[in-house]
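Coordinate analysis (summary)
One letter stands for each residue in the lines below.
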Amino acid sequence: MFFASVVLLPFLLGFSATMLDYAFKLSLETAERDALRSQVYLLLGVAEPDEHTLEMPPALTEPRFGELNSGLYGWIVDGQGQVIWQSRSTDLIPADYFPPLVSPFNAGIKHFFSSAFNADDFYVMSYDTIWPVGGADRPFRFVVAHSQADLKASLAAYRERLLMWVVGLALLLIVVQSVIARWGLLPLRRLARNLELVEAGKSQALAGQYPADIRPVTENLNKVLRAEQAQRERYRNTLGDLAHSLKTPLSVVRGQLETAASNPQELTAVVNEQINRMSMIIDHQLRRASAQVTQNAVYARVLVKPLIERLAVAMQKVYQQKEVSISVFIDDNLPFLGDEADLMEVAGNLIENACKYGNSQVRICANIVGDDLLISIEDDGPGVADTLKSTILTRGARADTATSGQGIGLSVAVDIVSSYGGSLQISRSNLGGASFNISLPAHGES
């Protein structure tokens, strides 16, 4: 059992290490996707159309866009594939360093993928949009690329530590298992020694206290030993009884031989009678001999309205063709106690859905009710049927399969809201469409 477990241990630890490595890598890629999405939203929020193209401010709030060779790069490409803007971080990079992005243009769709440029690996996110420029709607693609060098370094360091811990854990488990096996088998070794004493005739029973798991074995063995001792004693007694019982018939035969020598018929009759009697005695004693006896996080204070307004401006630019009107009714000082990226992820997904499925109006309201921060995002679209309200909040489920998407945005929002102890409910909007209502704890440490 010990050697079998030692052989099996590397497979179990190897499988566990593989799953941990996969989960860690997946979490890094998820974080990278979320970060790039935020960077794309940043570029969307500051872009402004002029008579011929899009204008970008000379400095962005993300400093890495302005640092040479920072590993974070941004572009804006027009419908003909021409770069109309690129971040200062690309100034020292050759023009052909990054290949052109030639995937089909699809307004409102984000693409996240990994790509190798000149032997360097990057994560890339592109977002196709439509802007009114020079009196006409023109397509523009926003692209952000981030080097995988930091992610690979983190992954390599994690794998090195994981390997060290797995090897250390394997050695520790082998030592601990060896000690436990040796300690656990001590009663069996003592049992073997006691059985040797019984076999050598130095003991009549298994003496001493044994663990509860072994005690039934020792008790049954002692019963067998007692039965065997009783059987031997019975055999000894039977032999004594047999010898004593045979004395009388033998004495009769002897006496008859001495006194009846002249009468052969009488002698024969007496001898036959005594032989029959001895046979009966022997059978009786043999039958006697054969008888058996038988078992709290610390959050920052984030103002809700500026963040929502930035997202609203970005979404209006994305869905410019639909001429979506986004109304924001939020107090200037209304706070959210949590991670700004979490609120941006939740609100961004819901506002984007409202713009995508609504007709022309989106309304966003937020206020404090009791101990909860309530945020509602409403649209004037077709709404959500009662039978689908629970379904669309699960990963991969979508109410409308006619439009593109993976059906995970709402489930991501639900996961983030749930992590704060909040909830996400779907109801009917006063605008006629769907109303997504977020409830989050309004008080906490800051």
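Note that the structure is a prediction, hence the values are computed from the model and not measured. (Residues numbered from 1 in each chain as written. Predicted model: local features only at pLDDT ≥ 70, side-chain atom pairs only at ≥ 80, totals over all residues. Heavy atoms only, no water.)

Let us now look at the overall build of the protein. In terms of regular secondary structure, the protein is built from 8 helices and 14 strands. Considering the protein as a whole, with its 446 residues, one finds that 36% of them fall into the buried category. Here the protein displays about 26,100 Å² of accessible surface, and carbon together with sulfur accounts for 57% of that area. (Helix = DSSP H or I, 4+ residues; strand = E, 2+ residues; numbered from the N terminus. Buried < 20%, exposed > 50% of the residue type's maximum accessible area, 1.4 Å probe, protein only. Areas by Shrake-Rupley, 256 points an atom, 1.4 Å probe, with all protein chains shown as cover.)

As a further point, take the sheet that holds strand β7 (residues 136–147). Strands pair in a sheet through their backbones, by hydrogen bonds, and they do so in one of two ways: parallel or antiparallel. Taken together, the 5 strands give an open sheet; going across it, the order is β4-β3-β7-β6-β5, and neighbouring strands pair in antiparallel fashion. At either end of the open sheet lies a strand with only one pairing partner, and these are β4 (83–86) and β5 (110–117). Pairs of neighbouring strands in the sheet enclose a mean axial angle of 25°, with direction left out of account. (Pairing = 2+ DSSP bridges. Axes fitted to C-alpha atoms, helices over the stretch in contact; angles between N-to-C directions.)

Assignment of secondary structure puts Glu-340 in helix α7 (residues 340–357). Relative accessible area serves as the criterion here: at 36%, Glu-340 is assigned to the partly exposed category. It is 6.2 Å that separates the C-alpha atoms of Glu-340 and Val-302, two residues lying 38 residues apart in sequence. Glu-340 has contacts with Val-302, Leu-307 and Arg-310, leaving out every residue within four places of it along the chain. (Contact = heavy atoms within 4.5 Å.)

If you trace the 5 strands from one edge of the open sheet to the other, you get β9-β11-β12-β14-β13, paired in mixed fashion. Unpaired on one side and paired on the other, β9 (325–330) and β13 (423–428) mark the two borders of the sheet. Averaged over neighbouring strand pairs, the angle between their axes works out to 15° when direction is ignored. Pairing of β9 with strand β11 (residues 361–369), which is carried by 6 bridges, proceeds in the parallel orientation. Within β11, the residue paired with Ile-330 across the bridge is Ala-366. Each of β9, β11 and β12 (372–379) touches helix α6 (residues 304–318); the most contacted strand, β9, lies at about 180° to it.

With respect to the element layout, Leu-388 can be found in the loop between β12 and α8 (409–419). Looking at Leu-388, the relative accessible area reads 30%, which means it is partly exposed.

Further remarks concern the side chain of Ser-147. Looking at where Ser-147 falls in the secondary structure, it is placed in strand β7. Taking the relative accessible area as the measure of exposure, Ser-147 reaches 19% and is therefore buried. Only 3.2 Å separates the side chain of Ser-147 from the backbone nitrogen of Ala-149, close enough to count as a polar contact. If near-sequence neighbours (up to four positions away) are discounted, Ser-147 is found in contact with Gly-71, Asp-121 and Phe-122. (Polar contact = N/O pair within 3.5 Å; in protein donor to acceptor, adjacent residues only side chain to side chain.)

Quick look at the pattern of salt bridges now. By the definition in use, this model includes 11 salt bridges. Here Asp-128 ties to Arg-141 by a salt bridge, and the two come within 2.6 Å at their closest N and O atoms. Of this pair, Asp-128 sits in strand β6 (residues 120–133) while Arg-141 sits in strand β7, and the two are 13 residues apart along the sequence. Across the pair, exposure class does not vary: Asp-128 and Arg-141 are buried alike. Residue Glu-378 pairs with Arg-363 through a salt bridge whose shortest N-O separation is 3.4 Å. Residue Glu-378 is located in strand β12, and its partner Arg-363 is located in strand β11; the two are separated by 15 residues in the primary sequence. The network of salt bridges with common partners includes Asp-34, Arg-37 and Glu-345. (Salt bridge = Lys/Arg side-chain N within 4 Å of Asp/Glu carboxyl O.)

In this section: helix α3 (residues 186–199). In this model α3 runs 20 Å from its N-terminal to its C-terminal C-alpha over 14 residues, within 8% of the 20 Å that 1.5 Å per residue would give. Within α3, the full set of buried residues consists of Pro-187, Leu-191, Asn-194 and Val-198. Across the axial projection of α3, the buried residues extend over an arc of 65°, all falling on one side. Seen from the open side of α3, the exposed residues pointing more than 90 degrees away from its buried face are Glu-196 and Glu-199. (Expected span 1.5 Å × (residues − 1). Arc of directions from axis to C-beta.)

Our focus in this paragraph is a nonpolar patch on the surface. Judged by side-chain polarity, Leu-169, Leu-172, Leu-173, Val-176, Ile-180, Trp-183 and Leu-186 come together as a nonpolar surface patch covering roughly 670 Å² of accessible area. Take Ile-180: it is sitting in helix α2 (residues 149–184). (Patch = residues over 30% accessible without salt bridge, like charges linked within 9 Å, V, L, I, M, F, W, Y side chains within 5 Å.)

Okay, the pairing of β11 next. In the sheet, β11 pairs with β12 via 8 bridges, with the strands oriented antiparallel. Opposite Arg-363, over in β12, you have Glu-378 as the bridge partner.

Ranked by size, the top nonpolar core spans 70 residues in total, and within it Leu-44, Phe-142, Val-304, Ile-326 and Ile-351 carry the most contacts. For Val-304, the contacting residues outside a window of four places in its chain are Ile-330, Leu-334, Pro-335, Phe-336, Leu-343, Leu-373 and Ile-375. (Core = buried A, V, L, I, M, F, W, Y, C linked by side-chain atoms within 4.5 Å.)

Attention now goes to the packing of aromatic side chains. This structure, assessed with the given rule, holds 6 aromatic pairs. Ring geometry for Phe-112 versus Tyr-123: centroids 5.5 Å apart, planes at 10°, classification stacked. Of this pair, Phe-112 sits in strand β5 while Tyr-123 sits in strand β6, and the two are 11 residues apart along the sequence. For Phe-112, a relative accessible area of 28% corresponds to the partly exposed category. (Phe/Tyr/Trp six-rings, centres within 6.5 Å; stacked < 30°, edge-to-face > 60°.)

The next thing to look at is the packing of α2 against α3. As a packed pair, α2 and α3 sit with axes 4 Å apart at the nearest point and diverge in direction by 35°. Of the residues in α3, those touching α2 at Arg-182, Trp-183 and Gly-184 are Leu-186, Pro-187 and Arg-189. Here the residues of the contact of α2 with α3 sort into 3 nonpolar, 1 polar and 2 charged. (Nonpolar A, V, L, I, M, F, W, Y, C, P; charged D, E, K, R; others polar.)

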